[in-house]
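Tertiary structure, described
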Amino acid sequence: MAVDDDLTQLSEMQLDVLQEIGNVGAGNSATALSRLIQRRIEMNVPHVALVKIEDVPEYVGGPELVVVGIFLRVYGKAPSNILFLIPRESAFALVDTLLGRERGATTELDAMDESALMEIGNILAGSYLNAFYTFTGMSMLPSTPALAVDMAGAILNVVLVQLGEMGDHALLIETNFQADDQSISGHFFLVPDPGSLSTIMNAVGVG
């Protein structure tokens, strides 16, 4: 639709609001994670952008990079999907930090590790969606997360097949975790259903 095409050019104000939503969501996520593991975690959002859905794997290192993907469905006025992608080695480092292990201890993910990563997905999704509500008044609720370990391109393809119809663009919120002297990067994507992007952008435009 022409309307969605127009939405790929975000105004300065929309970008500012989206960046602030990212910052608030990251701050709330860091607080929740710090309480959970009883250690200080800091998070920041260096980059927010609207990207083409087919370009998503490029932002995490290319379609062949093995990543941990955490997927949630979002319900509400603007039905969407959330995909949190983090390179496998970074996921190992994040698990070590969360579970208080020596750095480099995790080389494969067991059920406890996957549960910890899905809890991060829960916290991130809840924090970012709450921030959306704060700035736009639009309520969106996440489902229980699912997790997969595969190449970034393969994970995206599976998600696309399962969902069938989705919009052409995703909102990227780059997310950095900082614990002790270690920095770990992940990529949080909000992928609106067809029609939901205009609902979100209109809300951001007037929020």
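Here's what I pulled together on the structure shown here. Predicted model, so just to flag it, every value in this text is computed and none were measured. (Residues numbered from 1 in each chain as written. Predicted model: local features only at pLDDT ≥ 70, side-chain atom pairs only at ≥ 80, totals over all residues. Heavy atoms only, no water.)

A count of helices and strands for the chain gives seven helices and eight strands. In summary, the chain has a C-alpha radius of gyration of 16 Å against a globular reference of 17 Å for 207 residues, a match within 12%. For the chain, the C-alpha atoms occupy an extent of roughly 50 × 30 × 25 Å along the three principal directions. Out of the 207 residues belonging to the chain, those deemed buried represent 52%. Within the chain, contacts between residues separated by at least 24 positions form 71% of all contacts whose residues are at least 6 apart in sequence. (Helix = DSSP H or I, 4+ residues; strand = E, 2+ residues; numbered from the N terminus. Rg over C-alpha atoms; globule rule 2.2 N^0.38 Å. Buried < 20%, exposed > 50% of the residue type's maximum accessible area, 1.4 Å probe, protein only. Contact = heavy atoms within 4.5 Å.)

Taking 1.5 Å of rise per residue, 26 residues should cover 38 Å, and helix H5 (residues 111-136) covers 37 Å from first to last C-alpha, within 8% of that figure. Of the residues that open H5, the one with a side-chain oxygen 3.1 Å from the backbone nitrogen of Met112 is Asp110. Two residues or fewer after H5 comes Gly137, characterised by a positive phi angle close to 75°. (Expected span 1.5 Å × (residues − 1). Polar contact = N/O pair within 3.5 Å; in protein donor to acceptor, adjacent residues only side chain to side chain.)

Next up on the list: the packing of aromatic side chains. Under the defined criterion, the tally for this structure stands at two aromatic pairs. Measuring from ring centre to ring centre gives 6.3 Å for Phe84 and Phe177, while their planes differ by 70°; the resulting arrangement is edge-to-face. Of this pair, Phe84 sits in strand S4 (residues 80-87) while Phe177 sits in strand S7 (residues 169-179); the two residues are 93 residues apart in sequence, bridging distant segments of the chain. (Phe/Tyr/Trp six-rings, centres within 6.5 Å; stacked < 30°, edge-to-face > 60°.)

A few words now on the side chain of Ser196. Mapped onto the elements of the fold, Ser196 is located in helix H7 (residues 196-206). Look at Ser196 and you get buried, because its relative accessible area is 4%. Contact partners of Ser196, with chain neighbours within four places excluded, come to Ala78, Pro79 and Ser80.

This part covers the nonpolar core. The biggest cluster of nonpolar side chains holds 52 residues, and the ones touching the most others in it are Leu18, Met43, Leu117, Ile120, Phe132 and Phe177. A per-element tally of this core places H5 first, with ten residues. Apart from residues no more than four positions distant in its own chain, Leu117 is found in contact with Val68, Ile70, Ala91, Leu94, Val95, Leu109 and Leu147. Ile53, Val60, Phe71 and Val191 belong to the second largest nonpolar core, which has 17 residues in total. (Core = buried A, V, L, I, M, F, W, Y, C linked by side-chain atoms within 4.5 Å.)

Residues Glu54, Asp55, Glu58 and Asp168 make up a contiguous surface patch of negative charge. Summarising the element assignment, Glu58 is placed in helix H3 (residues 56-59). (Patch = residues over 30% accessible without salt bridge, like charges linked within 9 Å, V, L, I, M, F, W, Y side chains within 5 Å. Areas by Shrake-Rupley, 256 points an atom, 1.4 Å probe, with all protein chains shown as cover. Salt bridge = Lys/Arg side-chain N within 4 Å of Asp/Glu carboxyl O. Lys, Arg positive; Asp, Glu negative; His and termini not counted. Charge placed at Lys NZ, Arg CZ, Asp CG, Glu CD.)

On to helix H2 (residues 12-37). Over its 26 residues, H2 runs 37 Å from end to end, which matches the ideal 38 Å to within 8%, given 1.5 Å per residue. The set of residues buried in H2 consists of Gln14, Val17, Leu18, Ile21, Gly22, Gly25, Ala26, Ser29, Ala30, Leu33, Ser34 and Ile37. Just beyond H2, the residue with positive phi is Gln38, at close to 60°.

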